[in-house]
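Here are the chains, one letter per residue:
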Amino acid sequence: MSRRVAVFGAGSWGTAFALVLADAGCEVTLWGRRAALVDAVNATRSNPDYLPDVTLPANVRATTDPAEAAREADIAVLAVSAQHVRRLLENWAGQWHPGTVFVSLMKGVELDSGKLMSEVIAETTGAPPAQIAVVSGPNLAAEIVARKPAASVVACADAVTAELIQAACHTQYFRPYTNTDVVGCELGGAIKNVIALAVGITDGMGLGDNAKASLVTRGLAETTRLGVAMGAEPLTLAGLAGMGDLVATCASTLSRNHSFGYRIGSGMTVAQARQATTQTAEGVASCLAVQGLAEQYGVEMPITQTVVDIIHGRQNPEIAVRALMSRTPKPEAIPRSRPARV
């Protein structure tokens, strides 16, 4: 029996995941905010604003009505901005049936509260942990819709729910693995955007591949430090949702966070980079929230701090990078314990 899935968010990743679900045999309703885009999806089987060259399967249809999308859906996939999801879910209260499984594709941390997306979903819907999952990994939308091979992680506190989502999105080109470490998967997806901003900045400055490799490696180290402090498993951050996603986002010109950072490193102001960026670069807002979590848990995250200084402190990138490189030398340490989250 095919599953009915509602995907909320008709941007590039929401549309790409809708295609994956449809290819896996699900009946998919894609919710979009703008009527013109929704009409175009239904009329042309393509998303002209984000993925114009992709033909969507017949079992994907679009609507602007969130109640229609949610009606009879077994699974509700959330692919909207991390900074807007709370308001949207509050507006959509009462539209879900009790057994709805919520799946977050969002890779960010809520700015005002420092909450992970699974926490925001729980607070606004009342869903228990067993009905909240996260999909995260090296999943660049443009490659997914071209049906190029990719792997990902489905994380849920309940292994049976994780397996249900795994089955709903497993295709010949998209291979999902399961995990019960929701915190680790979410942190990996959120912080890699911040590190990608840093890599983009240094690429824009022409600082070379050694700088890139150093930032990726030390970025993973500070991600793991925070993850361990918040109760995540270190091995999660060495896997697809950590290292895998980090490598793809930092190395690819398809990454919106890398592209945003590249514009800054090439000499654009933050305002100019925002104007030139047509899709949300989650790391721009989330870097502040990640910095807040680092302070809350007493974790040192110098790359994150440097990104905050450049983007929100308007610090000159050259001066900021020089300050980062001039920090007191120390051993390369690996976390040895996993304190419980407080």
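Provided above is the structure to which this section pertains.
Note that this is a predicted model, so its numbers are computed, not measured.

## What to know about the overall build of the protein chain
Within the protein chain one finds 16 helices and 8 strands. For 342 residues, the compact-globule formula gives about 20 Å, and the C-alpha radius of gyration of the protein chain, at 19 Å, lands near that figure. By the burial criterion, 55% of the 342 residues in the protein chain qualify as buried. Put simply, 72% of the contacts in the protein chain that link residues at least 6 apart link residues at least 24 apart. When the accessible surface of the protein chain is summed, it comes to about 14,600 Å², and 52% of that surface belongs to carbon and sulfur atoms. Looking at charge distribution, the protein chain has the averaged site of its 28 positive side-chain charges lying 3 Å from that of its 30 negative ones.

## Focus: the nonpolar core
One broad trend across soluble globular proteins is that nonpolar side chains are buried collectively. Among the nonpolar cores identified, the biggest contains 43 residues, and Leu187, Leu226, Met230 and Phe260 are the most heavily contacted of them. When contributions to this core are tallied by element, the ones reaching two or more residues are helix 8 (182-204), helix 9 (208-229), helix 11 (240-251), helix 12 (256-265), helix 13 (270-276), helix 14 (283-297), helix 15 (302-311) and helix 16 (317-325). Residue contributions to this core peak at 11 residues, all from helix 8. Look past the residues within four positions of Leu226 in its chain and what remains in contact with it is Leu187, Ile191, Val290, Leu293, Ala294, Tyr297, Val299 and Met301.

## Looking at the pattern of salt bridges
Taken as a whole and judged by the stated rule, the model has 13 salt bridges. A salt bridge links Glu72 to Arg4; its shortest N-O distance comes to 3.9 Å. On the criterion of sequence distance, the pair formed by Glu72 in the loop between helix 3 (66-70) and strand 4 (75-78) and Arg4 in strand 1 (residues 4-8) is long-range, its members being 68 residues apart. Take Arg4: its relative accessible area is 35%, and that puts it in the partly exposed class. Among the ionic pairs, Glu332 bridges to Arg218, the shortest N-O distance being 3.7 Å.

## Re empty space enclosed by the protein
Under the counting rule described, the total for this entry stands at 2 cavities of 30 Å³ or more. Residue lining of the largest cavity: Val5, Phe17, Leu21, Ile75, Val77, Val103, Ile165, Ala168 and Cys169, and that is the complete set. Every element with two or more residues in the lining of the largest cavity is listed here: helix 1 (12-23), strand 4 and helix 7 (159-168). Looking at the lining of the largest cavity residue by residue, the classes come out as 9 nonpolar, no polar and no charged. By volume, the second largest cavity is sized at about 30 Å³. What lines the second largest cavity is Gly188, Ile191, Lys192, Leu220, Thr223, Gly242 and Leu246. Put simply, the parts of the chain that give the lining of the second largest cavity at least two residues each are helix 8, helix 9 and helix 11. A per-element tally of the lining of the second largest cavity places helix 8 first, with 3 residues.

## So, the sheet that holds strand 4
Spatial ordering of the open sheet is given by 3-2-1-4-5-6-7-8, a layout of 8 strands whose pairing is mixed. Only two strands of the sheet have a single partner each, and these edge strands are strand 3 (60-63) and strand 8 (174-179). With strand direction ignored, the average angle separating the axes of adjacent strands in the sheet is 25 degrees. Note: strand 2 (residues 27-31) against strand 3, 4 bridges, orientation parallel. Each bridged residue has a counterpart across the sheet, and for Val28 the counterpart in strand 3 is Val60.

## As for the packing of helix 8 against helix 9
Two numbers describe how helix 8 lies on helix 9: the axes approach to 9 Å, and their chain directions differ by 155 degrees. Considering the angle they form, helix 8 stands roughly antiparallel to helix 9. Here helix 8 runs over helix 9; the crossing is right-handed. Between helix 8 and helix 9, the residues in contact are Leu187, Gly188, Ile191, Ile195, Ala198, Val199, Thr202 and Asp203 and Gly208, Lys212, Leu215, Val216, Gly219, Glu222, Thr223, Leu226 and Gly227, respectively. For the contact of helix 8 with helix 9, the residue count by class is 8 nonpolar, 6 polar and 3 charged.

## Quick notes on the packing of aromatic side chains
One pass over the full model with this rule turns up 8 aromatic pairs. An angle of 75 degrees between the planes, with centres 6.2 Å apart, marks the rings of Phe17 and Phe174 as edge-to-face. You can see Phe17 sitting in helix 1 and its partner Phe174 sitting in strand 8, a full 157 residues away along the chain. Judged by relative accessible area, which is 0%, Phe174 ranks as buried. Taken together through their ring pairs, the aromatic side chains of Phe8, Trp31, Trp92, Trp96 and Phe102 make up a single cluster.

Rules used throughout
Residues numbered from 1 in each chain as written. Predicted model: local features only at pLDDT ≥ 70, side-chain atom pairs only at ≥ 80, totals over all residues. Heavy atoms only, no water. Helix = DSSP H or I, 4+ residues; strand = E, 2+ residues; numbered from the N terminus. Rg over C-alpha atoms; globule rule 2.2 N^0.38 Å. Buried < 20%, exposed > 50% of the residue type's maximum accessible area, 1.4 Å probe, protein only. Contact = heavy atoms within 4.5 Å. Areas by Shrake-Rupley, 256 points an atom, 1.4 Å probe, with all protein chains shown as cover. Lys, Arg positive; Asp, Glu negative; His and termini not counted. Charge placed at Lys NZ, Arg CZ, Asp CG, Glu CD. Core = buried A, V, L, I, M, F, W, Y, C linked by side-chain atoms within 4.5 Å. Salt bridge = Lys/Arg side-chain N within 4 Å of Asp/Glu carboxyl O. 1 Å grid on protein atoms, 1.4 Å probe; cavity = no way out; pocket = protein on both sides within 12 Å on 5 of 7 lines; lining within 4 Å. Points joined across faces, edges and corners; volume = space filled by probe spheres on them. Nonpolar A, V, L, I, M, F, W, Y, C, P; charged D, E, K, R; others polar. Pairing = 2+ DSSP bridges. Axes fitted to C-alpha atoms, helices over the stretch in contact; angles between N-to-C directions. Parallel < 35°, antiparallel > 145°, perpendicular 65-115°, else oblique. Left-handed = near helix turned anticlockwise from the far one by under 90°. Phe/Tyr/Trp six-rings, centres within 6.5 Å; stacked < 30°, edge-to-face > 60°.

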